[in-house]
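# Observations on the three-dimensional arrangement
If you want the building blocks of each chain, they are given just below.
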Amino acid sequence: AYTFLRESAPLLEQSGFGVLVPPWWQKAYARLGVKLKMKAKAGAASLGLMGLDSIVEYDWTVAVGDTTLSAKEFENLVRLKIPLVKIRGQWVELRPEEIEKAIAFLKKKHSNGQMSLGEALRTGLGREQSELGLPVLDVEGEGWISDLLEHLSDGTKIAQIDTPGTFQGKLRPYQLRGTSWLAYLTQFGLGGCLADDMGLGKTIQLITLLLHDREVDKSEDTARRNPTLLICPMSIVGNWHRELQRFAPSLKVMIHHGHERLSGAAFVEEAMRNDIVITTYSLALRDREHLASVEWEYVVVDEAQNIKNEAAKQSQAIKALNSRHKIALTGTPVENRLSELWSIMEFLNPGYLGSATAFRQQFAVPVERYHDADRAETLKRVIQPFVLRRLKTDKSIIADLPDKMEMRVFCNLTQEQATLYEAVVKEMMEKIEESE
């Protein structure tokens, strides 16, 4: 039977014969793989010790599809040394090389131990093959880890928060979902990138999150949180200030910019009196010593593509700041290269995507140079829990938004205007020709 399925059936099909084979043949669920089961480290509290650096206990087991094999069942399979076996009523193809890989995998990985939560999530969400070639079929968790895995793999299951009473305005449903998503990640110590299309309200979603935090503190009678540091381009500092005054007048805002800006102990003292401190990317580098003297509640980067260059001193200064949580806001998480996405993720959740070199080998080169669809899909699954992207073209986001209309309007120049324009163009072309 195995020889027919493996050798004869493909030859017959190539010769024009119709061949019906069992539905399980060559399906992923009928192949050997491994499963990962995680639980919180014994004695560790479920709160306060989270984040991707949290240590979790794990168990590796050999599995066929949804069926987990005990050590004894696996040993029996090894002894059989036949290619087609029936496991709990299900026919399975067992290739000798895969059995050898499973034995080597368990010896190398050990059947149980400890690893970081980030490594476990990356392994499970990516469904990547292990280093010995066996696919990771499933990842399970116990307790809060189970809830986290479920909500990260399907963001629609995250419970929505209520609109804070101090928010002066009305949120669209998708904006409330975005704020709820950010609030969920931060309670686990995870950083998120709100990558909504331009104009969908990333600003007010962050403002709503800050107001929500203060309502939670008030209801739980906890101490006032440290201030939030918002880093943005100089061109939108004024816009942020206006939006905060409009939607959240209860928040105290400090703008750290200009020749008369504070430094040293005076800066720290004034920053702690406010809820949010707004500064620019250039000052994040220039005043890094002053900014680093505060332990921020959030460090938020708006137009986060400004930290896309990992080697830039500005990016390194921002990533070195002390904060409990990190958030990135950008409509363009990838402008030119996947390395830009890695840099933003490294800011949000350090180490999650591995080193820059490893990321380049595993994802950037296969996707950008060889257009590897499988690698691109794997990367999408791995980052999906930490990047929320909505588009204006999606009618489920804003049903009443009209389609974009483009009209070409011609503006005729007078003879004098046309002459002046032509003179400027010629001058510029001459400068270009003379430049080196």
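Residues numbered from 1 in each chain as written. Predicted model: local features only at pLDDT ≥ 70, side-chain atom pairs only at ≥ 80, totals over all residues. Heavy atoms only, no water.

## Section: the overall build of the protein
- Helices and strands together make up the secondary structure of the protein, namely 16 helices and 14 strands.
- Each of the three principal axes of the protein carries a C-alpha extent, and together these read 85 × 65 × 50 Å.
- In the protein, which comprises 436 residues, the share counted as buried stands at 43%.
- Put simply, 71% of the contacts in the protein that link residues at least 6 apart link residues at least 24 apart.
- Here the protein contributes 54 positively and 59 negatively charged side chains, and the mean placements of these two sets differ by 3 Å. (Helix = DSSP H or I, 4+ residues; strand = E, 2+ residues; numbered from the N terminus. Buried < 20%, exposed > 50% of the residue type's maximum accessible area, 1.4 Å probe, protein only. Contact = heavy atoms within 4.5 Å. Lys, Arg positive; Asp, Glu negative; His and termini not counted. Charge placed at Lys NZ, Arg CZ, Asp CG, Glu CD.)

## Some thoughts on helix α7 (residues 202-220)
- Over its 19 residues, α7 extends 27 Å from the first C-alpha to the last, a length consistent with the 27 Å expected when each residue adds 1.5 Å.
- One or two residues past the end of α7 sits Asp-221, with phi positive at roughly 55°. (Expected span 1.5 Å × (residues − 1).)

## Observations regarding the sheet that holds strand β14 (residues 387-388)
- The sheet built from 7 strands is open, its strands ordered β10-β11-β9-β12-β13-β8-β14 with parallel pairing. A single partner strand is all that each edge strand has here, and the edge strands are β10 (253-255) and β14.
- Pairing geometry for strand β9 (residues 228-232) and strand β11 (residues 276-280), over 5 bridges, is parallel. Counted as the bridge partner of Ile-231 is Thr-279 from β11.
- Of the strands in this sheet, β10, β11 and β12 (296-302) touch helix α9 (residues 264-273), which is tilted by about 150° from β10.
- Here helix α13 (residues 338-348) sits on the sheet in contact with β8 (192-194), β12, β13 (323-329) and β14, set at roughly 155° to β13. (Pairing = 2+ DSSP bridges. Axes fitted to C-alpha atoms, helices over the stretch in contact; angles between N-to-C directions.)

## Here we look at the environment of Ala-9
- Summarising the element assignment, Ala-9 is placed in helix α1 (residues 2-14).
- When its relative accessible area of 3% is taken as the criterion, Ala-9 is described as buried.
- Along the chain, Ala-9 and Leu-20 lie 11 residues apart, while their C-alpha atoms are 8.7 Å from each other.
- The contact partners of Ala-9, leaving out residues within four places of it in the chain, are Phe-4, Val-19 and Val-21.

## Notes on unusual backbone geometry
- Of note, the phi angle at Asp-221 is positive, near 55°, even though the residue is not glycine.
- We note that Glu-303 has phi near 55°; this positive angle belongs to a residue other than glycine.

## A short note on the packing of aromatic side chains
- Enumeration according to the criterion identifies 9 aromatic pairs in this entry.
- By way of ring pairs, the aromatic residues Tyr-2, Trp-24 and Trp-25 are connected into one cluster. (Phe/Tyr/Trp six-rings, centres within 6.5 Å; stacked < 30°, edge-to-face > 60°.)

## Concerning the pattern of salt bridges
- By the definition in use, this model includes 19 salt bridges.
- A salt bridge links Glu-269 to Arg-273, with the nearest nitrogen and oxygen atoms 2.8 Å apart. On the criterion of helical spacing, the pair formed by Glu-269 and Arg-273 is a turn pair, its members being 4 residues apart in helix α9.
- Arg-273 sits in the partly exposed class, given a relative accessible area of 45%.
- Glu-427 is the salt-bridge partner of Lys-431, the closest N and O atoms lying 3.8 Å from each other. With a gap of 4 residues between them, Lys-431 and Glu-427 both fall in helix α16 (residues 415-434), about one helical turn apart.
- Salt bridges here are not isolated pairs; linked through shared partners, they connect Asp-213, Asp-217, Arg-225, Glu-297 and Arg-324. (Salt bridge = Lys/Arg side-chain N within 4 Å of Asp/Glu carboxyl O.)

## Overview of the pairing of strand β2 (residues 55-64)
- Burial of β2 is extensive: 7 of the 10 residues sit out of reach of the surface.
- Both strand β1 (residues 32-40) and β2 contribute to a ladder of 9 bridges, which runs antiparallel. Of the residues in β2, the one forming a bridge with Lys-35 is Thr-61.
- Pairing of β2 with strand β3 (residues 67-68), which is carried by 2 bridges, proceeds in the antiparallel orientation. By the bridge assignment, Val-64 is partnered in β3 with Thr-67.

## Digging into the pairing of strand β5 (residues 90-93)
- Pairing between strand β4 (residues 84-87) and β5: 4 bridges, direction antiparallel. Pairing of Val-85 across the sheet is with Val-92, part of β5.
- Count of turn residues in the β4/β5 antiparallel hairpin: 2 residues, of which Arg-88 carries a positive phi of about 50°.

## Digging into the nonpolar core
- Judged by nonpolar contacts, the single largest core of 106 residues is most densely connected at Leu-32, Leu-121, Ile-231, Trp-240, Trp-296, Val-301 and Tyr-352.
- In terms of residues, this core owes the most to one element, α13, which gives 7 residues.
- For Ile-231, the contacting residues outside a window of four places in its chain are Thr-279, Thr-280, Tyr-281, Ala-284, Val-299, Val-300, Val-301, Asp-302, Ile-318 and Leu-321.
- Counting 5 residues, the second largest nonpolar core, distinct from the first, contains Leu-5, Trp-24, Trp-25 and Leu-84. (Core = buried A, V, L, I, M, F, W, Y, C linked by side-chain atoms within 4.5 Å.)

## Quick notes on the packing of α7 against helix α8 (residues 237-247)
- Relative to each other, α7 and α8 sit at 50°, their axes nearing to 11 Å. Of the possible angle classes, the one that applies to α7 and α8 is oblique. In the crossing of α7 with α8, the sense of the turn from one axis to the other is right-handed. Along its contact with α7, which presents Thr-203, Ile-204, Leu-206, Ile-207 and Leu-211, the element α8 presents Trp-240, Glu-243, Leu-244 and Phe-247.
- Class assignment for the residues of the contact of α7 with α8 results in 7 nonpolar, 1 polar and 1 charged. (Parallel < 35°, antiparallel > 145°, perpendicular 65-115°, else oblique. Left-handed = near helix turned anticlockwise from the far one by under 90°. Nonpolar A, V, L, I, M, F, W, Y, C, P; charged D, E, K, R; others polar.)

## Remarks on the packing of helix α6 (residues 173-187) against α7
- Viewed as axis vectors pointing N to C, α6 and α7 meet at an angle of 55°, and their least axial separation amounts to 9 Å. Considering their axes alone, α6 and α7 lie oblique with respect to each other. In terms of crossing hand, the pair formed by α6 and α7 is right-handed. The segment α6 lies against α7, with Tyr-174, Gln-175, Gly-178, Thr-179, Leu-182 and Ala-183 engaging Ile-204, Gln-205, Thr-208, Leu-209 and His-212.
- When the residues that make up the contact of α6 with α7 are grouped by side-chain class, the tally is 5 nonpolar, 6 polar and no charged.

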